[in-house]
Amino acid sequence: MSPEIVPAASLIPADAPFPKAAKVALGMPQLRKNLAHATGTIRAKRANVAGELDDWEPLRDTAAAIKADVQHRLPELAVEFERNATAAGAHVHWARDAQEANAIAARIVREAGADEVVKVKSMATQEIELNEHFEAVGLKAFETDLAELIVQLAEDRPSHILVPAIHYNRTEIRDIFDQRMSDAPKGLTDEPAALAEAARQHLRRRFLSAKVAVSGANFAVAETGSLVVVESEGNGRMCLTMPQTLISIVGIEKLLPSFSDLEVFMQLLPRSSTGERMNPYTSVWTGAREGDGPQDVHVILLDNGRTGVLADEVGRQALSCIRCSACLNVCPVYERTGGHAYGHVYPGPIGAILAPQLEPGRHDDLPYASSLCGACYEVCPVKINIPEVLVHLRQQGPHQAGERAAMGGAKAVMARPRLWRAALKAARLGSMPWRRKGFLRRLPWPGSKWTVSRDLPVPPKEDFRDWWKERQR
Amino acid sequence: MSATPTAREEILARMRRALDGAGEAPVPPREYRRSLETGADITAMLIDRLVDYKANVHHGLASIAAALGDAQRVVVPADLPEDWRLGGAEFVPDTELSTADLDGMDAVLTGCAAAVAVSGTIMLDAGAAQGRRAITLVPDHHVVVVRRDQIVGHLAEALPMLDRTAPQTWISGPSATSDIELQRVEGVHGPRRLDVVLLED
Ligand code: SF4
């Protein structure tokens, strides 16, 4: 009999302020161990494949500029996308917020004569809590991504944007399958290949008979009206190909001007996310194609706070994010607390700048869930200056709450100097091979001197580094 | 449907308001590579990358039979060249086969639109000898034939070879997952076996 499953989410309260939630997470040694192991693996892989490209920095520069260009031309590109997708046979809908997007999606499912859907992993649908909404109106959403399936079976919440079950190791995953998957094979081992096989058998019939699928998209190409989904397992292909009806929920920031821009992003994304030269499967589709895949194709363009982010000149760069998760994997705070402590679907450094902007007035403590070490900025494939936005948001947030968070939160995470130093060092090493400029190699942490204040000056880049060097002595 | 146009107008208005005074859009620099060094052996590189991601590589038309292994029923796009249908298997042309029919196939044999050496990526765009997406997805074994002139070094060279608005699948190795401890493990929902047959001219 395998041990009882205790989902991390049941221990770490979703609505607690970061310092409190982080403290709970820090008291979970297995969680920390699993995170350290997984993020360590991915950091090394990412550094390797990024290091293979001698034009990594020019690619990042281009990607950052394309995203800035998209933000500047968002209205025009959104309309161009709508026109081209519609001409290719897609139905394009617009949703101001989560509720509207969920309602449109639910209506399409019913019109298709279905009461359940298969889902491709998508951050946008997590953000709008589509599964919960569907359940409330009597529809069922089945996650098909392996990690999402694990989280759904464990009745947990995702803790990472790419690998939502990153906080479970193989033995725990085996236990979850064993206890919660009705058709789990007898004597299932914790071999990853055996676990993958069990997931294949569990979902196969559902894939082959599903009437409706729900997806997100990694990119939406304005020039052609195409959507792009990047994945590994083939569950994405199943959802995008087999059902008659396909609903894709796409944040307006996912637009790219032209098809050829994929030559930039499809080099950066797989290398930054799973540390592969290319992910196993990428699907590109444009409206509906007779005799090939879904004939009833819908795209829901989602705002849900994004235009608010767009209005902030400094903060809007958060909309450049391609959800690769590299910043989570190198973040010493994330590595020690995991994703649940952030209390938002976007955890880690990107969450710390995106969550408070998407939901103004909430998550004001998250910009303090960082030591401003800068590792996130260095790995970000679209060069989002996360430390800059963190400082910007700290200056805007309510100071009292901020101070409390700084004292109680970041400090608690970093209270054990030796562990902290090790985490920092690992993060830095992981990002070294492709680093160009003379950023610090090691950042021994002066634990006793840790202070963060609301009026930390916005440091110009070079000064920031000098400041760190100074602190190091 | 009445709420939808309103949402559209409102979102566009919010965007315009947010961008009020945002200035000119930057022009992206394009300093990155668009091809490999001249003289790079792209075929050797493609093979290396395919093998790295656990695909099997075969050489020459005659090796199609071996690549199909002991598959008995093999689905093929209706326009697959006759001289590719080699070996003892029964070749079933895809004339609107049902999902259940496809699920009963041991393998699928197709061509491709392009192959990228640097990442070991085979690209399908529903063009000649490729068929619809479902036939290369449901069977557990995909044998794909790549002609020498379809191999390019770099992703940027491959994109112009694709029919941009056709349904595309870019394939880099067999189905895999990195969801367990972030290690790549082959074999989830897509074909678990990928065999690539290279035709040298
Ligand atoms: S902020 Fe950058 S590094 Fe982090 S997930 Fe987004 S794109 Fe990746």
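Because the structure is a prediction, the values reported are computed rather than measured. (Residues numbered from 1 in each chain as written. Chains lettered and ligands numbered in written order. Predicted model: local features only at pLDDT ≥ 70, side-chain atom pairs only at ≥ 80, totals over all residues. Heavy atoms only, no water.)

> How should I be thinking about the overall build of chain A in this particular structure?
Each helix and strand in chain A was counted, giving 22 helices and 10 strands. Per-residue burial over chain A gives 66% buried out of 473 residues. Taking contacts inside chain A between residues at least 6 apart in sequence as the whole, the part at least 24 apart equals 77%. Carbon and sulfur atoms provide 51% of the accessible area of chain A, an area that totals close to 16200 Å². (Helix = DSSP H or I, 4+ residues; strand = E, 2+ residues; numbered from the N terminus. Buried < 20%, exposed > 50% of the residue type's maximum accessible area, 1.4 Å probe, protein only. Contact = heavy atoms within 4.5 Å. Areas by Shrake-Rupley, 256 points an atom, 1.4 Å probe, with all protein chains shown as cover.)

> Can you walk me through the overall build of chain B in this structure?
Scanning chain B from N- to C-terminus turns up five helices and 12 strands. A total of 201 residues make up chain B; the buried ones form 56% of that total. For chain B, long-range pairs separated by at least 24 residues make up 69% of all intrachain contacts whose partners lie at least 6 apart in sequence. Of the accessible surface of chain B, which amounts to about 8200 Å², a share of 49% is contributed by carbon and sulfur atoms. Here chain B carries 19 positive and 30 negative side-chain charges, and the mean point of each set is 7 Å from the other. (Lys, Arg positive; Asp, Glu negative; His and termini not counted. Charge placed at Lys NZ, Arg CZ, Asp CG, Glu CD.)

> What am I meant to see in the environment of A:Val228 here?
Within the secondary structure, A:Val228 sits in strand 6 (residues 226-231). For the pair formed by A:Val228 and A:Gly216, sequence separation is 12 residues and the distance between their alpha carbons is 8.9 Å.

> Please explain the site of the ligand as it appears in this structure.
What surrounds the ligand is a group of 13 residues, the closest being A:Cys321, A:Cys324, A:Ser325, A:Cys327 and A:Cys380. Of the residues that constitute the shell around the ligand, the class distribution is 11 nonpolar, one polar and one charged. (Near = heavy atom within 4 Å. Nonpolar A, V, L, I, M, F, W, Y, C, P; charged D, E, K, R; others polar.)

> Help me out: how do you make sense of the confidence of the model for chain A in this one?
Should the pLDDT be low somewhere, the predicted coordinates at that spot are not to be read in detail. Overall, the predicted model of chain A reaches an average pLDDT of 84, with 84% of residues at or above 70. pLDDT under 50 marks residues 400-409 of chain A. Its contacts with residues more than four places away, or in other chains, come to 14 contacts. (pLDDT = per-residue confidence, 0-100.)

> I'm lost on the pattern of salt bridges in this one. Help?
Opposite charge on two side chains allows them to pair when their charged atoms are near. One pass over the structure, following the stated rule, counts 40 salt bridges over all chains. Here A:Arg73 makes a salt bridge to A:Asp69, at a shortest N to O gap of 2.9 Å. Looking at A:Arg73, the relative accessible area reads 22%, which means it is partly exposed. By relative accessible area, A:Asp69 is classed as buried at 7%. In this structure, A:Glu82 engages B:Arg8 in a salt bridge whose closest nitrogen and oxygen atoms are separated by 2.6 Å. Of the two residues, A:Glu82 sits in helix 5 (residues 74-87) while B:Arg8 sits in helix 1 (residues 3-18), which places them in two different chains. Beyond isolated ion pairs, a larger network of salt bridges with shared partners links A:Arg96, A:Glu100, A:Asp303, B:Glu10 and B:Arg14. (Salt bridge = Lys/Arg side-chain N within 4 Å of Asp/Glu carboxyl O.)

> Explain helix 13 (residues 262-273) of chain A here, please?
Given 3.6 residues to a turn, an α-helix orients residues that are three or four positions apart in the same direction. Residues and elements named next belong to chain A. Compared with an ideal rise of 1.5 Å per residue, which puts 12 residues at 16 Å, helix 13 spans 16 Å between its outermost C-alpha atoms and is within 8% of the ideal. Within the span of helix 13, buried status applies to Leu262, Glu263, Val264, Phe265, Met266, Gln267, Leu268, Leu269, Pro270, Arg271, Ser272 and Ser273. At the exit of helix 13 stands glycine 275, carrying a positive phi of roughly 70 degrees. (Expected span 1.5 Å × (residues − 1).)

> In this structure, what is going on with the packing of aromatic side chains? I would like to understand it.
The relative placement of two aromatic rings is captured by the distance of their centres and the angle of their planes. Residues and elements named next belong to chain A. Counted under the stated rule, the structure contains three aromatic pairs over all chains. Ring geometry for phenylalanine 18 against tyrosine 342: centres 5.0 Å apart, planes inclined by 50 degrees, an arrangement best described as tilted. In this pair, phenylalanine 18 is assigned in helix 2 (residues 18-26) and tyrosine 342 in the loop between helix 16 (332-337) and helix 17 (348-358), connecting sequence segments 324 residues apart. Taken as a pair, phenylalanine 18 and tyrosine 342 share a single burial class, namely buried. Aromatic side chains phenylalanine 219 and phenylalanine 265 sit 5.6 Å apart centroid to centroid with 50 degrees between the ring planes, which places their arrangement in the tilted category. Residue phenylalanine 219 is located in strand 5 (residues 219-221), and its partner phenylalanine 265 is located in helix 13; the two are separated by 46 residues in the primary sequence. Comparing phenylalanine 219 with phenylalanine 265, the two get one shared label, buried. One aromatic cluster is present, built from ring pairs that chain together Phe18, Tyr334 and Tyr342. Taking the ring centre of phenylalanine 265 as reference, the NZ or CZ of lysine 67 above it sits at 5.8 Å. Looking at arginine 237, its charged tip hangs above the ring of tyrosine 281, at a distance of 4.5 Å from the centre. (Phe/Tyr/Trp six-rings, centres within 6.5 Å; stacked < 30°, edge-to-face > 60°. Lys NZ or Arg CZ within 6 Å of the ring centre and 35° of its normal.)

> Honestly, the interface of chain B and chain A in this entry has me stumped. Any pointers?
Tallying the contact residues gives 76 residues for chain B and 96 residues for chain A. For the pair chain B and chain A, the interface holds 13 salt bridges. The interface formed by chain B and chain A contains 37 residue pairs in polar contact (both at pLDDT 80 or more). Sorting the residues of the side of chain B that touches chain A by element identifies helix 1, helix 2 (42-52), helix 4 (99-103), helix 5 (155-158), strand 9 (168-171) and strand 10 (176-177) of chain B as the ones contributing at least two each. Here the side of chain B that touches chain A takes 12 residues from helix 1 of chain B, the largest share from any one element. Looking at the side of chain B that touches chain A residue by residue, the class counts come to 35 nonpolar, 20 polar and 21 charged. (Polar contact = N/O pair within 3.5 Å; in protein donor to acceptor, adjacent residues only side chain to side chain.)

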